[in-house]
Amino acid sequence: MDAVTPDEGAGGEHSPAALSSLPIPKAAKSAAEPAAAPVRITRVLIVDDEPAMLRALRINLRARSYDVTSAPTGRAALAEAARRPPDAVILDLGLPDVHGVEVIRELRTWSRAPIIVISGRTGSGDKIGALDAGADDYVTKPFSMEELLARLRSALRRDESTPPASSVRIGRYKIDLTAHTVTGGPATDGTGSGGGGTVRLTPTEWRLLEILLRNPGRLVGSTLLLTEVWGPGFEHSTHYLRFHMARLRRKLEDDPARPRHLLTEPGMGYRYQL
């Protein structure tokens, strides 16, 4: 995962003129405009080193209109998940390069997607280790395809059962994620008193902030943020994150040099702390 260093002070950041040269994500350009709800396609990442198992799972999931991606190794799975974040993961523990539990732990640093383990290991220690690492379910091989699909549907329902909050607070500011407004700033009547003004965010700032606020307390990896906001090909452009996160802190943190809510996790990513 790309290294992310702590944001520099005001004198070490990119100049405001550099903002115009940074790509604006397509989704963010229309952040304030109403749009028709897209058709929901569920993306499932299958991780297994057995070609026959991969093929069977791909065929069955695609037949049920899932968008399927696959990987034969743990490292390939993590790269694919960063490139195209999945809605759910079906993971074998016995991978040729890294243990499946390590893949679970790494995914859980930035993803809330349900993880269903499929494994020929029947010992309780393996099951406990996978579940403690962050897996949502454990299915022992051989298994019924219908049972696995039912468990997948159940895991996806649980993941969607708690809708994300539409209004979040950062200190004295109230952020409405539906209306795309930030209130609680200095008054706009020139008195400088607090609580009456609004804060303007750019489309890119909105997209970054929304991802963080919808994952409270969770580490969101830099690769995921870059891919979600700027798209594939920007996974190593961590200076974009430093620039825009510094701007968000100046606008929303009482003390941008010592942020309490928009935190950097050096070498990993960012976190919204309640």
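Everything numeric in this text was worked out from a predicted model, so none of it was measured.

Here the focus is the overall build of the protein chain. Assigned secondary structure in the protein chain consists of nine helices and twelve strands. Taking all 274 residues of the protein chain together, 46% fall into the buried category. Here the contacts in the protein chain between residues at least 6 apart in sequence split such that 61% fall between residues at least 24 apart.

Mean pLDDT over the protein chain works out to 80, with 78% of the residues at or above the 70 mark. Across the protein chain, strand 3 (residues 88-92) holds the top mean pLDDT of 96, while helix 1 (residues 26-29) sits lowest at 44. Low confidence marks residues 24-39, where pLDDT is under 50. Its contacts with residues over four positions away, or in another chain, come to ten contacts. Note that pLDDT drops below 50 for residues 187-193; the model gives that stretch ten contacts with residues more than four away or on any other chain.

The subject of this paragraph is the packing of helix 7 (residues 203-213) against helix 9 (residues 238-252). With their axes 10 Å apart at the nearest point, helix 7 and helix 9 run at an angle of 85° to one another. The angle between helix 7 and helix 9 places the two elements in the roughly perpendicular class. Contacts from Thr 204, Glu 205, Leu 208, Leu 209 and Leu 212 of helix 7 reach helix 9 at Leu 241, His 244, Met 245, Arg 247, Leu 248, Lys 251 and Leu 252. Grouping the constituent residues of the contact of helix 7 with helix 9 by class yields seven nonpolar, two polar and three charged.

The next subject is the nonpolar core. If you look at the biggest cluster of nonpolar residues, it comprises 48 residues, and the most contacted ones within it are Ile 104, Ile 175, Leu 209 and Leu 252. Among the elements that make up this core, the one with the highest residue count is helix 7 (six residues). Sequence-distant contacts of Ile 104, that is, excluding residues within four places in its chain, are made with Leu 91, Leu 93, Ile 115, Val 117, Ala 130, Ala 133, Gly 134 and Ala 135.

Our next topic: the side chain of Arg 271. You can see Arg 271 is positioned in strand 12 (residues 269-272). Here Glu 265 takes part through its side chain, which lies 3.0 Å from a polar atom of the side chain of Arg 271.

We now examine the sheet that holds strand 4 (residues 115-119). If you trace the five strands from one edge of the open sheet to the other, you get 2-1-3-4-5, paired in parallel fashion. Edge positions in the sheet fall to strand 2 (67-71) and strand 5 (137-140), since each of these pairs with one other strand and no more. With strand direction ignored, the average angle separating the axes of adjacent strands in the sheet is 20°. Relative to strand 5, strand 4 runs parallel, the two sharing four bridges. Note that in strand 5 the partner of Ile 116 across the bridge is Asp 137. Strand contacts of helix 3 (residues 74-83): strand 1 (43-47) and strand 2, with the helix running at about 165° to strand 1, the strand carrying the most contacts.

Relative to the elements of secondary structure, Leu 252 occurs in helix 9. According to the relative accessible area criterion, Leu 252 is buried, its value standing at 1%. Note: C-alpha distance between Leu 252 and Arg 169 (83 residues apart in sequence) is 9.9 Å.

This part covers unusual backbone geometry. Phi is mostly negative for residues that are not glycine, and the peptide bonds are mostly trans. Residue Lys 141 is joined to Pro 142 through a cis peptide bond whose omega torsion reads -5°. With respect to the helices and strands, the residue Pro 142 is situated in the loop between strand 5 and helix 6 (145-160). The backbone of Ser 65 sits at a positive phi, close to 70°, despite the residue not being glycine. Relative to the helices and strands, Ser 65 is located in the loop between helix 2 (51-63) and strand 2. Backbone geometry places His 180, a non-glycine residue, at a positive phi of 55°. Positionally, His 180 belongs in the loop between strand 7 (173-176) and strand 8 (181-186).

What follows covers the pattern of salt bridges. Proximity of charged atoms lets side chains of opposite charge pair with each other. Here the structure, examined in full by the defined rule, presents 18 salt bridges. Note that Arg 64 and Glu 146 form a salt bridge whose closest N and O atoms lie 3.0 Å from each other. Placement of Arg 64 in the loop between helix 2 and strand 2 and of Glu 146 in helix 6 is noted, with a sequence separation of 82 residues between them. Among the residues examined, Glu 146 registers a relative accessible area of 46% and is labelled partly exposed.

Parameters and conventions
Residues numbered from 1 in each chain as written. Predicted model: local features only at pLDDT ≥ 70, side-chain atom pairs only at ≥ 80, totals over all residues. Heavy atoms only, no water. Helix = DSSP H or I, 4+ residues; strand = E, 2+ residues; numbered from the N terminus. Buried < 20%, exposed > 50% of the residue type's maximum accessible area, 1.4 Å probe, protein only. Contact = heavy atoms within 4.5 Å. pLDDT = per-residue confidence, 0-100. Axes fitted to C-alpha atoms, helices over the stretch in contact; angles between N-to-C directions. Parallel < 35°, antiparallel > 145°, perpendicular 65-115°, else oblique. Nonpolar A, V, L, I, M, F, W, Y, C, P; charged D, E, K, R; others polar. Core = buried A, V, L, I, M, F, W, Y, C linked by side-chain atoms within 4.5 Å. Polar contact = N/O pair within 3.5 Å; in protein donor to acceptor, adjacent residues only side chain to side chain. Pairing = 2+ DSSP bridges. Salt bridge = Lys/Arg side-chain N within 4 Å of Asp/Glu carboxyl O.

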